[in-house]
Amino acid sequence: VQLQASGGGLVQAGGSLRLSCAASGRAFSWYGMGWFRQAPGKEREFVAAIAGSGGSTNYADSVKGRFTISRDNAKNTVFLQMNSLKPEDTAIYYCAAARTRAVPTVLDEYSYWGQGTQVTVSS
C-alpha cells in the first residue's frame, strides 16, 4: 500500500482545513486508517483512526469535537476534516494504514505511512 497525503497549508486560528490521503493497492477496506502528527521537537502522536468499514472511529482527546475522520472506500481515500484549528495543531500530519479492519490507535500497529503534509496554524 502506498499513501499520498495532501491538503495541508497555512491557516489562521479558528479556520479549517481538509486533509486527504489517497491509497494505492487493493482491498483498501481491509485496512484500518489513521492520522498522526508530529510537531518540531516532539514525538509523533495519534490524532484519529477509522475502521476499514468506516463504521467506527477514535480520536485523541485534544481533537475531539473539532476533527472528523472519514473514508471513501470506492475512491481509496481517507479524509481528516479539521475545524476550529489552534496554533498547537501545527505539525506535519501523516496518514497511515494498518493491516486490520479495526480502529488502531497505536503507532506500532501501522505498517504503511504516507510522506506527510504540513499544517501551520497562525495565532
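Structure: see above.
Now for a description of the structure that goes with this document. The model shown is predicted, which means the values in this text are computed figures rather than measured ones.

### A word on the overall build of the protein chain
Each helix and strand in the protein chain was counted, giving zero helices and 11 strands. Taking the intrachain contacts of the protein chain between residues at least 6 apart in sequence as the baseline, contacts between residues at least 24 apart amount to 59%. In the form shown here, the protein chain has an accessible surface area of approximately 6200 Å², with 46% of it arising from carbon and sulfur atoms. Within the protein chain, the 8 negative side-chain charges are centred at a point lying 8 Å from the centre of the 12 positive side-chain charges.

### Observations regarding the pattern of salt bridges
This model, assessed by the stated rule, comprises four salt bridges. Salt-bridge contacts for Glu45 lead to Arg37; the nearest nitrogen and oxygen are separated by 2.6 Å. On the basis of relative accessibility, which here comes to 36%, the residue Glu45 falls in the partly exposed class. Members of the salt-bridge network, linked through shared partners, are Arg37, Glu45, Arg66 and Asp89.

### Structural notes on unusual backbone geometry
At Asn76, a residue that is not glycine, the phi angle is positive and equals roughly 50 degrees. Its location among the elements puts Asn76 in the loop between strand S7 (67-72) and strand S8 (77-82). Owing to a relative accessible area of 18%, Asn76 belongs among the buried residues under this scheme. Positioned with a positive phi, Ser84 is a non-glycine residue whose angle comes to about 50 degrees. Its location among the elements puts Ser84 in the loop between S8 and strand S9 (91-98).

### Some words on the sheet that holds strand S1 (residues 3-6)
Pairing is antiparallel in the open sheet, where four strands are placed in the order S1-S3-S8-S7. The outermost strands of the open sheet, each flanked by one partner alone, are S1 and S7. Within this sheet the neighbouring strands show an average axis-to-axis angle of 15 degrees, counted without direction. Summarising the sheet, S7 and S8 pair through six bridges and their orientation is antiparallel. Residue pairing in the sheet places Phe67 in a bridge with Met82 of S8.

### Things to note about the packing of aromatic side chains
Applying the stated criterion across every chain, the model contains five aromatic pairs. Between Phe36 and Tyr110, the aromatic rings sit 5.1 Å apart at their centres with planes inclined by 80 degrees, giving edge-to-face as the arrangement. A residue pair is termed long-range when its members are at least 10 positions apart, and Phe36 in strand S4 (residues 32-38) and Tyr110 in the loop between S9 and strand S10 (112-113) qualify at 74 residues. Under the relative-accessibility criterion, Phe36 is labelled buried at 1%.

### As for the nonpolar core
Ranked by internal contacts, the top residues of the largest apolar core, which has 36 residues, are Met33, Trp35, Leu80, Met82 and Tyr93. Secondary-structure elements contributing two or more residues to this core are S1, strand S3 (17-23), S4, strand S5 (45-50), S7, S8, S9 and strand S11 (117-122).

### Focus on the side chain of Arg71
Assignment of secondary structure puts Arg71 in strand S7. Put simply, Arg71 is tucked away with no salt bridge, and the nearest opposite charge, on Asp72, sits 8.3 Å away. A polar side-chain atom of Arg71 sits 2.9 Å from the main-chain carbonyl oxygen of Phe28. Here the side chain of Arg71 touches Asn73 through a polar contact of 2.7 Å, side chain to side chain.

Calculation notes
Residues numbered from 1 in each chain as written. Predicted model: local features only at pLDDT ≥ 70, side-chain atom pairs only at ≥ 80, totals over all residues. Heavy atoms only, no water. Helix = DSSP H or I, 4+ residues; strand = E, 2+ residues; numbered from the N terminus. Contact = heavy atoms within 4.5 Å. Areas by Shrake-Rupley, 256 points an atom, 1.4 Å probe, with all protein chains shown as cover. Lys, Arg positive; Asp, Glu negative; His and termini not counted. Charge placed at Lys NZ, Arg CZ, Asp CG, Glu CD. Salt bridge = Lys/Arg side-chain N within 4 Å of Asp/Glu carboxyl O. Buried < 20%, exposed > 50% of the residue type's maximum accessible area, 1.4 Å probe, protein only. Pairing = 2+ DSSP bridges. Axes fitted to C-alpha atoms, helices over the stretch in contact; angles between N-to-C directions. Phe/Tyr/Trp six-rings, centres within 6.5 Å; stacked < 30°, edge-to-face > 60°. Core = buried A, V, L, I, M, F, W, Y, C linked by side-chain atoms within 4.5 Å. Polar contact = N/O pair within 3.5 Å; in protein donor to acceptor, adjacent residues only side chain to side chain.

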